[in-house]
Amino acid sequence: MQNKTVIVTGGSRGIGRAICIDMAKNGANVVINYTSNEKEAIETMNLCKKYTEKVIVVKGDVSKYADCENILNVAIENFGSVEILVNNAGITKDGLIIRMNEDDFTKVININLKGSFNMMKLLSAHMIRKKYGRIINISSIVGIIGNAGQVNYSASKAGVIGMTKSLAKELASRNITVNAIAPGFIVTDMTKALPDSVMENLNIPVKRLGEAEDIANAVCFLASEKSSYITGQVISVDGGMS
Ligand code: NAP
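These remarks concern the structure in this document. Note that the structure is a prediction, hence the values are computed from the model and not measured.

**What to know about the overall build of the protein**
Item 1. From N to C terminus, the protein includes 9 helices and 7 strands.
Item 2. A compact globule built from 242 residues should have a C-alpha radius of gyration of about 18 Å, and the protein, at 17 Å, falls within 12% of that.
Item 3. The principal-axis extent of the C-alpha atoms belonging to the protein is close to 50 × 35 × 35 Å.
Item 4. Going through the 242 residues of the protein one by one, you find that 52% of them count as buried.
Item 5. If you take every contact in the protein between residues at least 6 apart in sequence, the share linking residues at least 24 apart comes to 76%.
Item 6. Distance from the positive charge centre (27 side chains) to the negative charge centre (23 side chains) of the protein: 6 Å.

**Here we look at helix α9 (residues 212-223)**
Item 1. For α9, with 12 residues, the first-to-last C-alpha span of 16 Å sits near the 16 Å given by 1.5 Å per residue.
Item 2. Three or more residues of α9 are buried, namely A212, I215, A216, A218, V219, C220, L222 and A223.
Item 3. At its buried positions, α9 is contacted by α1 (14-25), β4 (84-87), β5 (133-138), β6 (176-183) and β7 (234-237).

**Focus on unusual backbone geometry**
For residues that are not glycine, phi is negative in most cases, and the peptide bond is trans in most cases.
Item 1. Phi at N3 is positive, roughly 65°, even though this residue is not glycine.
Item 2. Following the sequence through the fold, N3 ends up in the segment before β1 (5-8).
Item 3. The phi torsion at K207 lies on the positive side, around 65°, for a residue other than glycine.
Item 4. Among the secondary structure elements, K207 is positioned in the loop between α8 (196-200) and α9.
Item 5. In this structure K207 comes out as exposed when scored by relative accessible area, which is 69%.

**Brief notes about the packing of α1 against α9**
Item 1. Following both chains from N to C, one finds α1 and α9 inclined at 50°, their axes separated by 8 Å at the closest point. As the angle between them shows, α1 and α9 are arranged oblique. Relative to α9, the crossing made by α1 is right-handed. Note on element contacts: α9 touches α1 through A212, E213, I215, A216, N217, V219, C220 and A223, opposite G14, I15, A18, I19, D22 and M23.
Item 2. Classifying every residue of the contact of α1 with α9 by side-chain character gives 10 nonpolar, 2 polar and 2 charged.

**Details of the pattern of salt bridges**
Item 1. Tallying each qualifying case throughout the model produces 6 salt bridges.
Item 2. In this structure, E40 and R17 form a salt bridge, with 2.9 Å as the shortest nitrogen-oxygen distance. Of this pair, E40 sits in helix α2 (residues 38-48) while R17 sits in helix α1; the two residues are 23 residues apart in sequence, bridging distant segments of the chain.
Item 3. Judged by its relative accessible area of 18%, R17 falls in the buried class.
Item 4. A single salt-bridge network, built from bridges that share partners, covers R13, D189 and K192.

**Topic: the pairing of β6**
Item 1. Counting buried positions along β6 gives 8 out of 8 residues, so the element sits mostly inside the fold.
Item 2. By the alternation rule, side chains of β6 split into I176, V178, A180 and A182 and T177, N179, I181 and P183, which are all buried.
Item 3. Two strands pair when backbone bridges link them, and β5 and β6 are joined in this way by 6 bridges, in the parallel orientation. Each residue of the ladder has a partner; that of N137, found in β6, is A180.
Item 4. Pairing of β6 with β7, which is carried by 4 bridges, proceeds in the parallel orientation. Paired with I181 across the strands is I235, a residue of β7.

**Structural notes on the nonpolar core**
Item 1. The biggest cluster of nonpolar side chains holds 31 residues, and the ones touching the most others in it are I19, M23, V86, I181 and V219.
Item 2. Among the elements of the structure, β1, α1, β2 (29-34), α2, β4, β5 and α9 are those that each provide at least two residues to this core.
Item 3. A per-element tally of this core places α9 first, with 8 residues.
Item 4. Excluding residues that lie within four positions of it along the chain, M23 makes contacts with M1, V6, A28, V30, I84, V86, V219, C220 and A223.
Item 5. One finds I56, V58, I135 and A168 within the second-largest nonpolar core, a separate group that totals 27 residues.

Thresholds, definitions, all that
- Residues numbered from 1 in each chain as written.
- Predicted model: local features only at pLDDT ≥ 70, side-chain atom pairs only at ≥ 80, totals over all residues.
- Heavy atoms only, no water.
- Helix = DSSP H or I, 4+ residues; strand = E, 2+ residues; numbered from the N terminus.
- Rg over C-alpha atoms; globule rule 2.2 N^0.38 Å.
- Buried < 20%, exposed > 50% of the residue type's maximum accessible area, 1.4 Å probe, protein only.
- Contact = heavy atoms within 4.5 Å.
- Lys, Arg positive; Asp, Glu negative; His and termini not counted.
- Charge placed at Lys NZ, Arg CZ, Asp CG, Glu CD.
- Expected span 1.5 Å × (residues − 1).
- Axes fitted to C-alpha atoms, helices over the stretch in contact; angles between N-to-C directions.
- Parallel < 35°, antiparallel > 145°, perpendicular 65-115°, else oblique.
- Left-handed = near helix turned anticlockwise from the far one by under 90°.
- Nonpolar A, V, L, I, M, F, W, Y, C, P; charged D, E, K, R; others polar.
- Salt bridge = Lys/Arg side-chain N within 4 Å of Asp/Glu carboxyl O.
- Pairing = 2+ DSSP bridges.
- Core = buried A, V, L, I, M, F, W, Y, C linked by side-chain atoms within 4.5 Å.

What follows is the structure in structure tokens.
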């Protein structure tokens, strides 16, 4: 990935941080997006700087189109062009449907689904002009098999899979691939928020939770030249759960 530039949304923590570090290790210029946690974003930047000086942080809420335009513009000002997009930013607002209010639904859809749309729309135009691109969307096992208490989240992640498959068909002839990764349960702040009862009852065939690096490894493969004949696919990285 030498001389290629990647934007990682939600790169300040968790899975996004691991992706940023792996991209830096593989020679990419890294644009770390975050929305509120500047300290963590700078920590990710410092970790990437062990491998490259070409790394910046950009604040922006992916649910806002103008913020996404700014993220892309800052990336282009610093590095000239963007070849790889990783749509990783995501939130949960869990609850059974009878207790889930409209705002909990809308917020999750706006960040997880519309945020990915915003970035893909902007980057598609840019990548078509450059005749090259790799788009990797972080979906979830829950978008494939569902999960009680996550009607909003699973809808957003199933939507991401639909967008991935459709956009892959739109862009395939332009030398741009679009794929998704569906992680299982990965150790991050997001899963730390889950009650012990949920975590204890997980039936994971490989008998361990996933690490952020497990996801980063798959993302780096899809971002590399080695994946050029793969598009419109969903790769589950879930220890065999699905
Ligand atoms: P996390 O530790 O909670 O980190 C979430 C990241 O998203 C943070 O960098 C956060 O930025 C950023 N973010 C949140 N809202 C944003 C917004 N509006 N605009 C831009 N950035 C925003 O989550 P994670 O576990 O690493 O999850 C990363 C992705 O993997 C998510 O899409 C998640 O749905 C998916 N996933 C996770 C798991 C899992 O088990 N952990 C499983 C399946 C799928 P700040 O630091 O600024 O808040």
